[in-house]
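Structural description and commentary
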Amino acid sequence: MTVYKAPVRDINFVINELLDFNAHYQTIPAGAEATPDMVEAITNEAAKFAEEVLSPLNQIGDEQGCQWNDGEVTTPEGFKEAYKLWVEGGWQGLSHPVEYGGQGLPMSMGLIKSELVGTANWSWGMYPGLSLGAMNTLYVHGTEEQKQLYLSKLCEGTWTGTMCLTEAHCGSDLGQMRSKAEPQEDGSYRITGTKIFISAGEHDFAENIIHIVLARTPGAPEGTKGISLFIVPKFNTTEDGTITDRNGVRCGSIEHKMGIHGNATCVINFDSATGYMLGQENEGLNAMFTFMNTARIGTAIQGLAASELAYQNALPYALDRYSMRSLSGVKNPDKAGDAIIHHPDVRRMLLTARAFAEGGRAMIYDAAKYSDRMVQAETQADRDEAENELGFLTPILKAFLTETGLESASNAMQVFGGHGFIKEHGMEQIYRDARIATMYEGTTGIQAMDLIGRKVVLDGFKLYGGFCKKLYKFGFKNLISGKRRCYSAKLIGYTLSWNWHTIKMVARASRNRDAVGAASYDFLMYSGYLSMAYYWAMMAEVAASKLAEGGDDKAFYEAKLETAEFYFSRLLPRAKGHAGCMNSSTDSVMAMTLDRFTTR
Ligand SMILES: Cc1cc2nc3c(=O)[nH]c(=O)nc-3n(C[C@H](O)[C@H](O)[C@H](O)COP(=O)(O)OP(=O)(O)OC[C@H]3O[C@@H](n4cnc5c(N)ncnc54)[C@H](O)[C@@H]3O)c2cc1C
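Below: a short report on this structure. (Residues numbered from 1 in each chain as written. Predicted model: local features only at pLDDT ≥ 70, side-chain atom pairs only at ≥ 80, totals over all residues. Heavy atoms only, no water.)

**Some remarks on the site of the ligand**
- Around the ligand sit 18 residues in total, of which Thr166, Ser172, Phe197, Ser199 and Thr443 are the nearest.
- Backbone polar atom of Gly171 to an oxygen atom of the ligand: 3.0 Å apart, as the coordinates give it.
- Contact distances for the ligand include 2.6 Å between an oxygen atom and a side-chain N or O atom of Ser172.
- Protein burial of the ligand: of its 980 Å² of free accessible surface, 62% is covered by the chains.
- Secondary-structure elements contributing two or more residues to the shell around the ligand are strand 3 (159–164) and strand 5 (189–199).
- Residues that form the shell around the ligand fall into these classes: eleven nonpolar, six polar and one charged. (Near = heavy atom within 4 Å. Polar contact = N/O pair within 3.5 Å; in protein donor to acceptor, adjacent residues only side chain to side chain. Areas by Shrake-Rupley, 256 points an atom, 1.4 Å probe, with all protein chains shown as cover. Helix = DSSP H or I, 4+ residues; strand = E, 2+ residues; numbered from the N terminus. Nonpolar A, V, L, I, M, F, W, Y, C, P; charged D, E, K, R; others polar.)

**Side note on the packing of aromatic side chains**
- For the coordinates displayed, the defined rule picks out 28 aromatic pairs.
- For the pair Phe49 and Trp86, a centre-to-centre distance of 5.7 Å together with 45 degrees between the ring planes defines the contact as tilted. Pair noted here: Phe49 is in helix 3 (residues 36–54) and Trp86 is in helix 5 (residues 79–88), with a separation of 37 residues, a long-range link.
- On the basis of relative accessibility, which here comes to 3%, the residue Trp86 falls in the buried class.
- Among the aromatic side chains, those forming a connected cluster through ring pairs are Phe49, Tyr83, Trp86, Trp91, Trp124, Tyr127 and Phe205.
- Over the face of the ring belonging to Phe556 we find Arg9, whose NZ or CZ atom lies 4.1 Å from the ring centre.
- Directly above the aromatic system of Phe235 lies the positively charged group of Arg246, at a separation of 5.3 Å from the ring centroid. (Phe/Tyr/Trp six-rings, centres within 6.5 Å; stacked < 30°, edge-to-face > 60°. Buried < 20%, exposed > 50% of the residue type's maximum accessible area, 1.4 Å probe, protein only. Lys NZ or Arg CZ within 6 Å of the ring centre and 35° of its normal.)

**Topic: empty space enclosed by the protein**
- Within the structure shown, the criterion is met by four cavities of 30 Å³ or more.
- In this structure, the largest cavity occupies an estimated 130 Å³ of space.
- Contributing to the lining of the largest cavity are 13 residues, with Gly118, Trp122, Leu309, Ile430 and Asp433 lying nearest its centre.
- Contributions of two or more residues to the lining of the largest cavity are made by helix 6 (107–120), helix 9 (284–320) and helix 12 (427–435).
- Within the lining of the largest cavity, the residues separate by chemical class into six nonpolar, six polar and one charged.
- For the second largest cavity, the calculated volume is near 40 Å³. (1 Å grid on protein atoms, 1.4 Å probe; cavity = no way out; pocket = protein on both sides within 12 Å on 5 of 7 lines; lining within 4 Å. Points joined across faces, edges and corners; volume = space filled by probe spheres on them.)

Rendered as structure tokens:
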């Protein structure tokens, strides 16, 4: 069974010493309440909840899974009780406005909470996580009446939310979606269709479930331009939220799947269910992007969570498993062999997971500042700017951190040798749970196309250019006056190479459009390694300054510098391989004809 100890010291390093959340909070209205004492208290309480309530349920959730019986879903032992404590603690509305029953704290505080919860027990965390996405969508697109009714209940946690996009024939390509919404005289709609793979679609936690559903109105244009968004409650209610009768929504079955067994992945049938339009007709996909971007950052956290949990649980094993002698001389003379942590290859695996976890945390928490700015913006222009910046980072965070999370989980299993493959230690569960993260909320392939297509080329390189400027600014400043100038030099070099390869790829794409698709995965991975290098360079500067100042916590800062060195020496060079692949011939991918694929 895995254990979880919340990395509070590292979280505090990121929010206080690296990113100065306190200064950031002074620039947004919701930040007034988020004093350093308050942030610390909330982080500590969330850490306690994660360690003491959720972590012990992680293995139980995996073993028992969810049970479906005639449309009802029973969650694993202890899940429901943990959710009751969650609601009583007022956690669900932490980052939502006071007027809807929330605590009015910044969104970024919600992300810290999500990391702690998600690392302790990802399956459980998806129930409140999906609700958060529904809450954000309602907050941005709902009418005042909709917010008073649905958002208040969701903030309270007595109702939960879902996201109903996927249908059997389409997940990535939602333009093919077929669910229908028939307008009624009273202004409501009748929703009919079947959605599949709906996380937290049915369960025994809450009085009501609010499904946020994509469907088409009669005569709507084909493709993505004819999709609208609807609120469809499991139970109909009066305007004050009193439950009246069952709506035409039923859970047809739940999936039997590789991981996240504690979370119900449901087929949801809508049979003339009463629904209410959310936002404008035919603009549902845009409205849903609010939902998707928050959900995607949430999924990026799953990558970070996998790296963190994998590292934490592989480390004690590496310290206490003895095998052969160290190449540089005996380390444990009283044992028949040396602890495997003395072997460079085992260290490589541990440090890879550690570097991805700490680097990923810095990346996500910095992006969380944009979500604060987006939600708290006073003008539409400010909101658009923050949303665009976050939009640029989202595919990198989501795809790169989930890919690296999976690698960390695999490495941590490997540290255990054959014992990693059996259930006892829980390492294979981390891998199985993490595997979905590269698939849902837009697969790595879709994120890669989104990054290079919408966020770079169609944007006219504006966001890309702004991001590069940030990297160059930091790099050149610290190349002259920094404490780790070698990292700044590398950062500048890799950014220059990124620019060169991007230009080359776009030029090649003007001759062959498939060049973009063939390069997209490598482009995304390069972007990920480079972004993480920026944060590792910043972390190294902070750690080196702290050491120069003297004072406490020397070991923490030295370990930070050693991990930075590992990142720059052993992980960042992988980007060169991606650069090489990015601009290799498109024909190497596209030349094979379909008949030759089957000729073997
Ligand atoms: C456990 C679980 C939970 C989920 N939770 C939810 C949920 O709560 N709500 C919800 O609505 N959905 C949910 N999903 C669905 C999930 O988001 C989709 O499965 C995912 O978006 C991929 O869609 P698909 O399965 O239809 O794959 P497809 O879209 O068929 O893709 C198949 C493959 O083709 C690739 N591909 C497709 N088009 C392109 C392209 N243009 N360029 C390059 N590559 C391409 C993809 O990258 C992928 O590798 C969940 C799925 C699972 C398994």
